[in-house]
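Chains, contacts and geometry: an overview
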Amino acid sequence: MDQKQLKNAKRQADKKAIKFALTLFILYIIFSQGNIFMNSVMSPGGRYYNEYIATHFNYIQGLKTSLIIPAVWIIKLFGFYAIYNASDVMVVAGPYLRINYSCLGLGVMSFLAAFVLAFPASWKSTFKMLIIGLVTIYILNVFRIAGLGVLLGHFQSQRQNFTYHHEIFNILVYICIFVLLFFWVKKNIRN
């Protein structure tokens, strides 16, 4: 390969990298801000609340419910009695856990979806990684909620020390997602 071809190949690689970075940024903004907007649309008292959409298309409440119910099952497996409603888990003689928007992991899911869709890979590989990544985030989130219920039920005197569970969860999930993405990107790199 002569100097001119090498320079041209480098220029093409730079264009692809810039396209990836811009697409990632734009998709992340659309997904993350779209979820925040939809939370406002579906929350009574929200700035853009719409009763029809909140009644018929409330995927945020659906995600809350799909996190709460299996977490309560796990808590009960550890011998605790737990009750729940649409947003709360109460472990009898244990903690009271409020599951709000920031507990859902939608920011992490937005990043994963933006990265996978922006990366130049086959649609089959992209779809597979989206499913694996989103299910991984969901399972980790269920275990986080259940883990908080069980740990705070056992160690009642330590409840004040668990105030940073969101940050710890985000760090652990991002580590897991970056490991998944590392191997996925490595497998899908085109020369």
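Structure's up top.
Here's a quick rundown of the structure. None of these values were measured; they are calculated from a predicted model.

Reading guide: rules and limits
- Residues numbered from 1 in each chain as written.
- Predicted model: local features only at pLDDT ≥ 70, side-chain atom pairs only at ≥ 80, totals over all residues.
- Heavy atoms only, no water.
- Salt bridge = Lys/Arg side-chain N within 4 Å of Asp/Glu carboxyl O.
- Helix = DSSP H or I, 4+ residues; strand = E, 2+ residues; numbered from the N terminus.
- Buried < 20%, exposed > 50% of the residue type's maximum accessible area, 1.4 Å probe, protein only.
- Pairing = 2+ DSSP bridges.
- Axes fitted to C-alpha atoms, helices over the stretch in contact; angles between N-to-C directions.
- Contact = heavy atoms within 4.5 Å.
- Phe/Tyr/Trp six-rings, centres within 6.5 Å; stacked < 30°, edge-to-face > 60°.
- Lys NZ or Arg CZ within 6 Å of the ring centre and 35° of its normal.

1. What about the pattern of salt bridges?
For the coordinates displayed, the defined rule picks out two salt bridges. Across the pair Lys10 and Asp14 runs a salt bridge whose closest N-O atoms are separated by 3.3 Å. Of the two residues, Lys10 and Asp14 both sit in helix 1 (residues 3–42), four residues apart, roughly one turn of that helix. In this structure Lys10 comes out as exposed when scored by relative accessible area, which is 53%. With relative accessibility at 37%, the residue Asp14 sits in the partly exposed group. Of the charged contacts in the structure, one is a salt bridge between Asp88 and Arg98, with a shortest N-O distance of 2.4 Å.

2. Structural notes on the sheet that holds strand 1 (residues 82–84)
On the basis of which strands lie adjacent, the open sheet formed by three strands has the order 1-2-3 and antiparallel pairing. Taken across any chain shown, the strands that pair with only one partner, and hence form the sheet edges, are strand 1 and strand 3 (96–98). Neighbouring strand axes in the sheet, compared pairwise and without regard to direction, differ in orientation by 15° on average. Of the strand pairs in this sheet, strand 2 (residues 88–91) and strand 3 are connected by three bridges, and their pairing is antiparallel. Across the sheet, Val89 pairs through a bridge with Leu97, a residue of strand 3. The strands touched by helix 3 (residues 59–77) are strand 1 and strand 2; relative to strand 1, the strand with the most contacts, the crossing angle is about 170°.

3. Structural notes on the pairing of strand 2
Sheet topology places strand 1 next to strand 2; three bridges connect them, and they run antiparallel. Bridged to Tyr84 within strand 2 is Val89. Hairpin connection, strand 1 to strand 2: the antiparallel pair is bridged by three residues.

4. Notes on the environment of Ala118
By the element assignment, Ala118 lies in helix 4 (residues 106–118). Residues Ala118 and Val108, 10 residues apart in the sequence, show an inter-C-alpha distance of 15 Å. In this structure Ala118 touches Phe20, Thr23, Leu24 and Leu27, once residues within four positions along its chain are discounted.

5. Structural notes on the packing of aromatic side chains
Applying the stated criterion to the full structure yields 11 aromatic pairs. Ring plane angle 50° and centroid distance 5.2 Å describe the contact between Phe37 and Tyr48, whose orientation is recorded as tilted. With a gap of 11 residues between them, Phe37 in helix 1 and Tyr48 in the loop between helix 1 and helix 2 (51–56) connect regions that are remote in the sequence. A relative accessible area of 41% places Phe37 in the partly exposed class. Given the relative accessible area of 42%, Tyr48 is considered partly exposed. Judged by centre distance (5.9 Å) and plane angle (65°), the rings of Phe111 and Tyr174 are edge-to-face. Of this pair, Phe111 sits in helix 4 while Tyr174 is found in helix 6 (residues 165–188), placing the two residues 63 residues apart along the sequence. It is Arg144 that lies over the ring of Phe169; its NZ or CZ is 4.3 Å from the centre.

That is the geometry; function is a separate question.
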